[in-house]
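Examining the three-dimensional arrangement
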There are 2 protein chains.
Amino acid sequence: MKIVFVGAGNLATRLSLEMYRVGMSIKQVYSQTAESARTLAGKLGCPWTISPEAIISDADLYVFSLKDAVLADVIASIKPNEGLWVHTAGSMPMQIFEEHAKRYGVLYPLQTFSKNRPVNFNIIPFFLEANTQADANILKKIACALSEKVSFLSSDKRRSLHLAAVFACNFTNHIYTLAGKILEEEHIPVDVLLPLIDETAAKIHTMKPAEAQTGPAIRYDENVINKHLAMLTDPDMKAVYQLISRSIHKEALNE
Amino acid sequence: MKIVFVGAGNLATRLSLEMYRVGMSIKQVYSQTAESARTLAGKLGCPWTISPEAIISDADLYVFSLKDAVLADVIASIKPNEGLWVHTAGSMPMQIFEEHAKRYGVLYPLQTFSKNRPVNFNIIPFFLEANTQADANILKKIACALSEKVSFLSSDKRRSLHLAAVFACNFTNHIYTLAGKILEEEHIPVDVLLPLIDETAAKIHTMKPAEAQTGPAIRYDENVINKHLAMLTDPDMKAVYQLISRSIHKEALNE
């Protein structure tokens, strides 16, 4: 099976390297950014291009892994062929391929990827979609070679899953950034928070997060809440503190 | 060394049980709530009381582990004695004891505790404070019997640490709750998020969170952001999405 990667960002990098590692054959990398294309192709030992017209037409699988804003344009700029075209985007419907490819689908790994950080693909949930049963079977075979957690999910539900992932990962990570800023200002080493952060994540493997909630907002300890608000000088951080504390308290009252 | 626990909540429960486990002698538990006092005392095999006047006066260490709002009142309601009085609160100054005890300090473990969830104390950072060097040494001995990460920190800096912990733990956990709600509405099993949540926490052991940031807000993918906002019907969740996305974007521009 010949594979082309259309995109060379975080997700494209880790997914293509994993496919390569398990023995799949990546034949070409396309990216709008020459440096990204060259770097990834170098790791995969394959040619690269920055011209959509130069994308080879005889591959079996085309993996589109691009920012949503450019995905439609890049799809439209590639000549139709007999290959199976899939994207890896959480919030894009499968039907984006409808007018440009005969065979299409979605291969969505639910994980946060950074170019230089290897991850264990075996435990990553993959969510698939395809426009024919035959291609659903092909995609399933590919995904099962990468992970033990493969299932099918509609575009609509995948969009909700992506929204939940933005909260669980992107927003959580930004909260880590804000916590780190508070410590940096006081010259306290940021890594003192790591055991707390790890335990917060570990807890919800065995408890619902609503049951795991601790701290001043769930106790409605106004004493602490007001002190904290007085300490926050950055208006955005103050707004985050107020909004999330209120939301924690509201959630507790609803239970 | 005889120890009295004043408080029987999440932190008091886990800390007293760990002290008991490593061989320290808990002589009494006080709580305003009879059931909490009885339950914890039962686990520790010691007497309990709900009357501050009934607290024994010949203990060596009194650990006050109470909601901030009631801490001052409970301290004032106990007859002064020769013991070392410490509290475990992030945002309370050590000086809260000044007019009520001769020997006092702080024993603050930076972790999230739930009554029924054991945690590994060995890796929990403990932050100490005491009003005399002699008691600083005693507290250090006690903390070092529980953890390998013991240091001294002023009340002011501890307050900032607590604020950072509220972000890193309490707010993060609530974000997990919100993510779970999105999935529950779509009947998608919430545990599909666990590998993502674990990786998000694991990443920042080796990368700064600002470098680990991924997702639509850091890419400023308005396409996705607007779709997500349109999907959120709960006004608080929509406000959280907008505020944190803006904050992620602002942070990225500052770098």
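That block above? That's the structure.
Because the structure is predicted, anything quoted here is derived from the model rather than measured.

As for the environment of B:Val240
Its location among the elements puts B:Val240 in helix α10 (residues 235–254). Sequence separation between B:Val240 and B:Ile175 is 65 residues; the distance between their C-alpha atoms is 9.2 Å. Contact partners of B:Val240, with chain neighbours within four places excluded, come to A:Phe167, A:Phe171, A:Leu243, B:Ile175 and B:Leu178.

Remarks on the pattern of salt bridges
According to the stated counting rule, one finds 24 salt bridges over all chains in the structure shown. In this structure, A:Glu82 engages A:Lys102 in a salt bridge whose closest nitrogen and oxygen atoms are separated by 2.9 Å. Placement of A:Glu82 in the loop between α3 (68–76) and β5 (84–87) and of A:Lys102 in the loop between β5 and β6 (103–109) is noted, with a sequence separation of 20 residues between them. The residues A:Glu82 and A:Lys102 share a single accessibility class, namely exposed. Ionic pairing is found between B:Lys250 and A:Asp234, a salt bridge with its closest N-O pair at 3.9 Å. Placement of the pair is B:Lys250 in helix α10 and A:Asp234 in the loop between α9 (222–231) and α10 (235–254), with the two residues belonging to separate chains. With relative accessibility at 23%, the residue A:Asp234 sits in the partly exposed group. Linked by salt bridges that have partners in common, A:Asp234, A:Asp236, B:Arg246 and B:Lys250 make up one network.

Digging into the relation of the copies chain A and chain B
By a simple turn and slide, chain A fits onto chain B: the slide is 0.0 Å along the axis, the RMSD is 0.0 Å, and the turn is 180 degrees. What the rotation and shift describe, once combined, is the action of a two-fold rotation axis. Every residue of chain A has its C-alpha some distance from the rotation axis, and the shortest such distance is that of A:Thr172, at 2.7 Å. Most of the interface of chain A is mirrored in chain B: 100% of its interface residues are interface residues there too.

Regarding the interface of chain A and chain B
In this assembly, 92 residues from chain A lie in contact with 92 residues from chain B. Summed over both sides, the interface of chain A with chain B buries roughly 9,100 Å², with 65% coming from carbon and sulfur. For the pair chain A and chain B, the number of links is 12 salt bridges. For the pair chain A and chain B, the number of links is 46 residue pairs in polar contact (both at pLDDT 80 or more). For the side of chain A that touches chain B, the element with the highest residue contribution is helix α5 (residues 155–185) of chain A, accounting for 25 residues. The class makeup of the residues in the side of chain A that touches chain B is 51 nonpolar, 22 polar and 19 charged.

Overview of the side chain of B:Asp135
Along the polypeptide, B:Asp135 turns up in helix α4 (residues 133–144). Those residues in contact with B:Asp135 that sit more than four places away from it in its chain are B:Leu84, B:Arg103 and B:Ala130.

Description of the pairing of strand β1 (residues 2–6) of chain B
Residue and element names in this part refer to chain B. β1 sits mainly inside the fold: 4 of its 5 residues count as buried. As paired strands, β1 and strand β2 (residues 25–30) are joined by 5 bridges and run parallel to one another. Bridged to Val6 within β2 is Tyr30. Regarding topology, helix α1 (residues 10–21) serves as the crossover connection from β1 to the parallel β2, and that connection is right-handed. Sheet topology places β1 next to strand β4 (residues 61–64); 4 bridges connect them, and they run parallel. Pairing of Phe5 across the sheet is with Val63, part of β4.

Examining the sheet that holds β2(B)
Residue and element names in this part refer to chain B. The strand order across the open sheet formed by 8 strands is β3-β2-β1-β4-β5-β6-β7-β8, and the pairing between neighbours is mixed. Each end of this open sheet is capped by a strand with a single partner; those strands are β3 (48–49) and β8 (149–152). In this fold α4 packs onto β4, β5 (84–87), β6 (103–109), β7 (125–130) and β8, with an angle of close to 165 degrees to the strand it touches most, β7.

A closer look at unusual backbone geometry
If you check the backbone angles, A:Tyr220 has positive phi at about 50 degrees while not being a glycine. Relative to the helices and strands, A:Tyr220 resides in the loop between α8 (216–219) and α9.

Points about the packing of α5(A) against α10(B)
The contact between α5(A) and α10(B) brings their axes to 10 Å, and the two run at 55 degrees. By the angle between their directions, the pair α5(A) and α10(B) is classed as oblique. Considering how the two elements wind past one another, α5(A) and α10(B) form a crossing that is left-handed. Residues A:Leu163, A:Val166, A:Phe167, A:Asn170, A:Phe171, A:His174, A:Ile175, A:Thr177, A:Leu178 and A:Lys181 of α5(A) pack against B:Met237, B:Val240, B:Tyr241, B:Ile244, B:Ser245, B:Ser247, B:Ile248 and B:Glu251 of α10(B). Taken together, the residues of the contact of α5(A) with α10(B) sort by class into 11 nonpolar, 5 polar and 2 charged.

Digging into the packing of helix α9 (residues 222–231) of chain B against α10(B)
All names here are of chain B. Running from N to C, α9 and α10 point in directions that differ by 165 degrees, and their axes come no closer than 10 Å. Compared by their axis directions, α9 and α10 come out roughly antiparallel. Note on packing geometry: the crossing formed by α9 with α10 is left-handed. Of the residues in α10, those in contact with Val224, Ile225, His228 and Leu229 of α9 are Lys238, Tyr241 and Gln242. The residue inventory of the contact of α9 with α10, partitioned by class, reads 4 nonpolar, 2 polar and 1 charged.

Calculation criteria
- Residues numbered from 1 in each chain as written.
- Chains lettered and ligands numbered in written order.
- Predicted model: local features only at pLDDT ≥ 70, side-chain atom pairs only at ≥ 80, totals over all residues.
- Heavy atoms only, no water.
- Helix = DSSP H or I, 4+ residues; strand = E, 2+ residues; numbered from the N terminus.
- Contact = heavy atoms within 4.5 Å.
- Salt bridge = Lys/Arg side-chain N within 4 Å of Asp/Glu carboxyl O.
- Buried < 20%, exposed > 50% of the residue type's maximum accessible area, 1.4 Å probe, protein only.
- Least-squares fit on C-alpha atoms with pLDDT ≥ 70 in both.
- Buried area = accessible area lost by both parts, 1.4 Å probe.
- Polar contact = N/O pair within 3.5 Å; in protein donor to acceptor, adjacent residues only side chain to side chain.
- Nonpolar A, V, L, I, M, F, W, Y, C, P; charged D, E, K, R; others polar.
- Pairing = 2+ DSSP bridges.
- Right-handed = clockwise from strand over helix to strand, strands pointing away.
- Axes fitted to C-alpha atoms, helices over the stretch in contact; angles between N-to-C directions.
- Parallel < 35°, antiparallel > 145°, perpendicular 65-115°, else oblique.
- Left-handed = near helix turned anticlockwise from the far one by under 90°.

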